[in-house]
Amino acid sequence: RMVNPHSKVSREVLESDIKRVTEEASVLYNLCFMKNGLANGARAMAHGQICDNDPLRFFVTAKKELIINPVITKHTNTTVDSVEGCYSYPDKKPIIVQRWNKIEVSFITLMVDPDNKDKFKFSSVLKDKLNGLEAKIFEHEQNHLDGIYIFNY
C-alpha cells in the first residue's frame, strides 16, 4: 500500500489566515499550469499538496477560483466512474474512482475589503450546484482536504 504524501486533514481557514491564503493560493494556481511527470498540469490544487505542517482547508482551480472551507451539502445517491490522476503522484497512471455526478456545495472565497482596498476579507457563504467534471474536481479536492488521495480507495 502506498504511503500518502499528505495525509493530514486540513484545518478550517480563519480570518487570521487570509494573508497566508493569498500568498499560497498564488503558488497553487501556478502549479496548475506546470507539467509534472505524466500530468500536463492540474485542474485544481489543494493547499495540503504543498503544505504538510499546517494545511488549510482551501483549494484553487485552473479557472482562477479560490474555494475556502468547502462543504458538500447534498449529492446524488449513486456514483459514476471517474478516470482521475493526481498531481501528487506524477508518475502513476490515472485510475477509476467513484464520484457523485451531481453535488450541491457551500464555501467562501476572498473579496477586496470595501473599507480598505489593500486588504481582503471573507465573502458571504456561496452555494453552487455542480455536475459532471466540475463536481468530480470539487470532490477530488475535497478528498485532499480530508487527507484522502485517489490511490487510498
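Residues numbered from 1 in each chain as written. Predicted model: local features only at pLDDT ≥ 70, side-chain atom pairs only at ≥ 80, totals over all residues. Heavy atoms only, no water.

Asks: Which parts of the structure should I look at to understand the overall build of the protein chain?
Replies: Along its length, the protein chain carries 2 helices and 9 strands. Secondary structure elements of the protein chain, listed N to C terminal, follow the sequence α-β-β-β-β-β-β-β-β-β-α. Taking 153 residues into account, the globule formula puts the C-alpha radius of gyration at 15 Å, and the protein chain, at 15 Å, falls close to it. The 153 residues of the protein chain split such that 44% are buried. Considering only residue pairs separated by 6 or more positions, the protein chain has 67% of its internal contacts joining residues 24 or more positions apart. (Helix = DSSP H or I, 4+ residues; strand = E, 2+ residues; numbered from the N terminus. Rg over C-alpha atoms; globule rule 2.2 N^0.38 Å. Buried < 20%, exposed > 50% of the residue type's maximum accessible area, 1.4 Å probe, protein only. Contact = heavy atoms within 4.5 Å.)

Asks: Sorry if this is basic, but what is going on with the side chain of serine 106 here?
Replies: Note that serine 106 resides in strand S6 (residues 102-108). Those residues in contact with serine 106 that lie beyond four places of it in its chain are Asn69, Pro70, Val71, Thr73, Val125, Leu126 and Lys127.

Asks: Whenever I open this one, the pattern of salt bridges confuses me. Can you help?
Replies: Pairing between side chains becomes possible if they bear opposite charge and their charged atoms approach one another. Counted under the stated rule, the structure contains 8 salt bridges. Notably, a salt bridge pairs aspartate 54 with arginine 20, separated by 2.9 Å at the nearest N-O pair. Note that aspartate 54 is positioned in the loop between strand S1 (44-46) and strand S2 (58-61) and arginine 20 in helix H1 (residues 18-31), a separation of 34 residues in sequence. Across the pair arginine 99 and glutamate 84 runs a salt bridge, and its minimum N-O distance is 2.8 Å. Here glutamate 84 lies in strand S4 (residues 79-84) and arginine 99 lies in strand S5 (residues 95-100), a separation of 15 residues in the sequence. (Salt bridge = Lys/Arg side-chain N within 4 Å of Asp/Glu carboxyl O.)

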